[in-house]
There are 2 protein chains.
Amino acid sequence: MAVYTEISDDELDALLDQYDLGQALSCKGIAEGVENSNFLLHTEGGYFILTLYEKRVNAEDLPFFLGLMEHLAAGGFMSPTPVTTRDGRNLTEVAGRPAAIIEFLDGRSVRRTTPAHCALLGQTLAKLHTIGSDFTLKRPNTLSLASWRPLYEACARSCATSLEPGLLSEIEAEITFLEGHWPSDLPSGVIHADLFPDNIFFLKEEVSGVIDYYFACNDFFAYDLAICLNAWCFESDGSFNITKARKLLNGYREIRPFSQEELAFLPLLCRGAAIRFLLTRLYDWLNQVEGALVKPKDPMEYFRKLQFHQAVSSVAAYGLD
Amino acid sequence: MAVYTEISDDELDALLDQYDLGQALSCKGIAEGVENSNFLLHTEGGYFILTLYEKRVNAEDLPFFLGLMEHLAAGGFMSPTPVTTRDGRNLTEVAGRPAAIIEFLDGRSVRRTTPAHCALLGQTLAKLHTIGSDFTLKRPNTLSLASWRPLYEACARSCATSLEPGLLSEIEAEITFLEGHWPSDLPSGVIHADLFPDNIFFLKEEVSGVIDYYFACNDFFAYDLAICLNAWCFESDGSFNITKARKLLNGYREIRPFSQEELAFLPLLCRGAAIRFLLTRLYDWLNQVEGALVKPKDPMEYFRKLQFHQAVSSVAAYGLD
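Residues numbered from 1 in each chain as written. Chains lettered and ligands numbered in written order. Predicted model: local features only at pLDDT ≥ 70, side-chain atom pairs only at ≥ 80, totals over all residues.

**Quick look at the overall build of chain A**
Note the threshold: Secondary structure is summarised from DSSP: a helix means a run of H or I of at least four residues, a strand means a run of E of at least two, and numbering begins at the N terminus for each. In this setup the radius of gyration rests on C-alpha atoms only. A globule is expected at 2.2 Å times the number of residues raised to 0.38. Once C-beta atoms are placed from the backbone, each residue is buried if 20 or more other C-beta atoms lie within 10 Å of its own, exposed if 12 or fewer, and partly exposed for counts between those two. For every residue pair, C-beta atoms are placed from the backbone, and the pair is scored as a contact if these atoms sit within 7 Å.
Regarding its fold elements, chain A presents 9 helices and 9 strands. Its C-alpha radius of gyration of 20 Å places chain A within 12% of the 20 Å reference for a compact globule of 321 residues. Counting only C-alpha atoms, chain A reaches 60 × 45 × 35 Å along its principal axes. Buried residues in chain A amount to 41% of all 321 residues. Considering only intrachain contacts with a sequence separation of at least 6, the fraction spanning at least 24 residues in chain A is 73%.

This is the structure:
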């Protein structure tokens, strides 16, 4: 939940002067996204999402994110399209922040995911990878392997004593293992890198929207699957739902078949994906901002997911033959 | 800003089954209202506000609040209309809370109020008093004179030492004064009792909506004006803007003329209105909930407003002859 920046009437009017959307009829802060300020904007031209990019998003990355959304939508993917100004820009500024006005997509994210949702997720992720493959801008994954040790060290410095005994050394041992075994070459392209249930809208048993491209980057396609296996296939009691995993992976390969190498590396990639979210959550947990509106998520959830994947020897554990 | 309760898909579907609004297309938590959870709901029937009433609202008062909105809207006042279920109820339940679906009104609240806004506010308040006068349900003002001493005593018990020296005794002396001088009989009826700038929407230089009736009650009309004088006519540096006050009062009496007695009591009512918001803000300040999303408002703002009105001897100070 996040609305960090307030927009004055004058600022909103000046912003809309640059677009062909008519006047603002209403503008309400919405509880969506945690990195940015989001508003539901009603203008004479329709309903839109107005996003203000706050400090955690690097402004230099915005042309990649917004360009990717345009590219995906133009290719038939259910990404919202950024609206362009009269002179063709998709990125503007309001209240001292970079800003974009983005198409409003109907649909609702699901809190209780089912195997049927996971099958749709798999197909959707494969479509994103396929349609994104000829997007020309590049962005490295700044939260992959190379970032984990520095992030671990920042956590260790922050407040080591407040953690469960032994947790830090287990994390460090895992990072050392991953550094020694991470694949150097797998099928790659644009990945979403944050496709949690919050970020997919469903409507009448179909996917109606995929949002929040602000972690998108170039990396292994199978790593995106690993992120989704972690985010969608564990139940709230920590158990792994192999039916959901099988649906997710089979949905994916209907659209884009896996290579044998991708399948072989999947357990390792799941461990990496677990470490990535464990570390960023741990960092946020240890560096809580007084008065912040966002409650940090539990890092231990991802420690338990990591432990599950450490015991996995092949993709059979994820429901594939 | 407030979204306290999350609604599951199943709960939302079950709720909409009771209405003739079609299926839910999207439902987003919005940062509006501080006492309730509010969602912007898009259904096949249009856009609506879905409000879930949280603990601070007494469920027994909801028929008064929702009935008042219906009554005002039916009388041509720019209140949003509650939507009724197929069997005619305006109050339902979702996620274990009392809930209502209310018409979505366009417009934007202003942060920087002008004399022109104050003139429109005055007319609007007088219309509310006039159109509300034949509403048959009654609700006493639970935050008027009789509540101030108990509220003061609760504040004094809470954390007296953290307050500016002498503040508590000044508040108590003021309450004693108000108890001795409060009018027993002035023109009365339904008042809004919380008509802050947040709660009026403007569109194209007109008032397009008045929202948030959850403090509405039966009390002196002029007390509602006193609340508005406090909320709209002080600048952020604490100075009183007599031009705004004159516009507000003159706007009001275009629609509903004041009696001489109302005018004579206005400075005293302004002191009472200042004490009312001072006390509730002080109470919230001293009883902050750990992890609450709402930052308490500064009580001292209303202490300074009180001091201004204590020095006022007649409505000439508010710009009237």
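**Digging into the interface of chain A and chain B**
How big an interface is tends to be reported as the loss of accessible area on association of its parts. Counting from both sides, the interface comprises 24 residues of chain A and, opposite them, 24 residues of chain B. Counting residues per element, the ones that place at least two in the side of chain A that touches chain B are strand S1 (24–29) and strand S2 (36–43) of chain A. When residues of the side of chain A that touches chain B are assigned to their parent elements, the largest contribution, 6 residues, is made by S1 of chain A.

**Some points on the relation of the copies chain A and chain B**
Stated formally: Here the copies are superposed with least squares, the fitted atoms being C-alpha atoms of residues at a pLDDT of at least 70 in both.
Least-squares fitting of chain A to chain B yields an RMSD of 0.0 Å, with the superposition described by an axial translation of 0.1 Å and a rotation of 180°. Here the symmetry operator amounts to a two-fold rotation axis. Within chain A, Ile30 of chain A has its C-alpha nearest the rotation axis, a separation of 2.1 Å.

**Side note on the domain arrangement of chain A**
Put simply, the rule is: Here the limits of each domain have been adopted from an automatic or database domain assignment.
You can read the domains of chain A as domain 1 (9–103) and domain 2 (115–318). A separation of 27 Å is found between the C-alpha centroids of domain 1 of chain A and domain 2 of chain A.

**Observations concerning unusual backbone geometry**
A positive phi angle, near 75°, is found at Ala193 of chain A, a position not held by glycine. Within the secondary structure, Ala193 of chain A sits in the loop between strand S6 (188–191) and strand S7 (200–203). Taking the C-beta count within 10 Å as the criterion, Ala193 of chain A has 22 such neighbours and is therefore assigned buried. A positive phi angle, near 50°, is found at Ala95 of chain B, a position not held by glycine. In this fold, Ala95 of chain B is placed in the loop between strand S4 (92–94) and strand S5 (97–103).

**Regarding the sheet that holds S4 of chain B**
All names here are of chain B. The line we're drawing: By definition, two strands form a pair when at least two bridges between them are found by DSSP. Interaxial angle, 0 to 180 degrees, is taken between N-to-C directions of lines fitted to C-alpha atoms, where a helix line uses only the stretch in contact.
Overall, antiparallel pairing links the 5 strands, which are arranged S1-S2-S3-S5-S4 in an open sheet. Looking at the sheet topology across the chains shown, the edges are occupied by strand S1 (24–29) and S4. Averaged over all pairs of adjacent strands, the angle between their axes in this sheet comes to 35°, without regard to strand direction. Relative to strand S2 (residues 36–43), S1 is paired through 5 bridges, and the arrangement is antiparallel. Each bridged residue has a counterpart across the sheet, and for Ala24 the counterpart in S2 is Thr43. Each of S1, S2, S4 and S5 touches helix H1 (residues 9–16); the most contacted strand, S1, lies at about 120° to it.

**Quick notes on the confidence of the model for chain A**
Where we set the bar: The predictor attaches a confidence to each residue, and that confidence, scored 0 to 100, is pLDDT.
The pLDDT averaged across chain A works out to 92; a share of 94% of its residues lies at or above 70. Taken together, the chains of this predicted complex give a pTM of 0.87 and an interface ipTM of 0.83.

**Some remarks on the environment of Leu25 of chain B**
Take Leu25 of chain B: it is sitting in strand S1. The contact partners of Leu25 of chain B, leaving out residues within four places of it in the chain, are Asp106 and Leu203 of chain A together with His42, Thr43 and Glu44 of chain B.

**Quick look at the sheet that holds S1 of chain A**
Residue and element names in this part refer to chain A. Spatially, S1-S2-S3-S5-S4 is the arrangement adopted by the 5 strands of the open sheet, whose pairing is antiparallel. The two strands at the open ends of the sheet, each matched to only one other strand, are S1 and strand S4 (92–94). For this sheet the average axis-to-axis angle between neighbouring strands, irrespective of direction, equals 35°. Strand direction decides the pairing type here: strand S3 (residues 46–53) and strand S5 (residues 97–103), joined by 5 bridges, are antiparallel. If you follow Leu50 over to S5, its bridge partner there is Ile101. Where helix H1 (residues 9–16) meets the sheet, it contacts S1, S2, S4 and S5, and its direction lies at approximately 120° from that of S1.

**As for the packing of helix H8 (residues 260–286) of chain B against helix H9 (residues 300–310) of chain B**
If you want to describe how two helices pack, look at the angle between their axes and the distance between the axes. Residue and element names in this part refer to chain B. Rules: The cut-offs work like this: below 35 degrees is roughly parallel, past 145 is roughly antiparallel, 65 to 115 is roughly perpendicular, and the gaps in between are oblique. Whether a crossing is left-handed or right-handed is set by the direction in which the near helix is turned from the far one by less than a right angle, anticlockwise for left-handed and clockwise for right-handed. Gly counts as polar in this scheme, as do all residues outside two lists: the nonpolar Ala, Val, Leu, Ile, Met, Phe, Trp, Tyr, Cys and Pro, and the charged Asp, Glu, Lys and Arg.
Interaxial distance between H8 and H9 falls to 8 Å at its minimum, and their mutual angle equals 165°. Looking at the two axes, H8 sits roughly antiparallel to H9. Viewed along their axes, H8 and H9 form a crossing whose handedness is left-handed. On the side of H8, the interface is formed by Pro267, Cys270, Arg271, Ala274, Ile275, Phe277, Leu278 and Arg281, while H9 contributes Tyr302, Phe303, Lys305, Leu306, His309 and Gln310. Tallied by class, residues from the contact of H8 with H9 come to 9 nonpolar, 2 polar and 3 charged.

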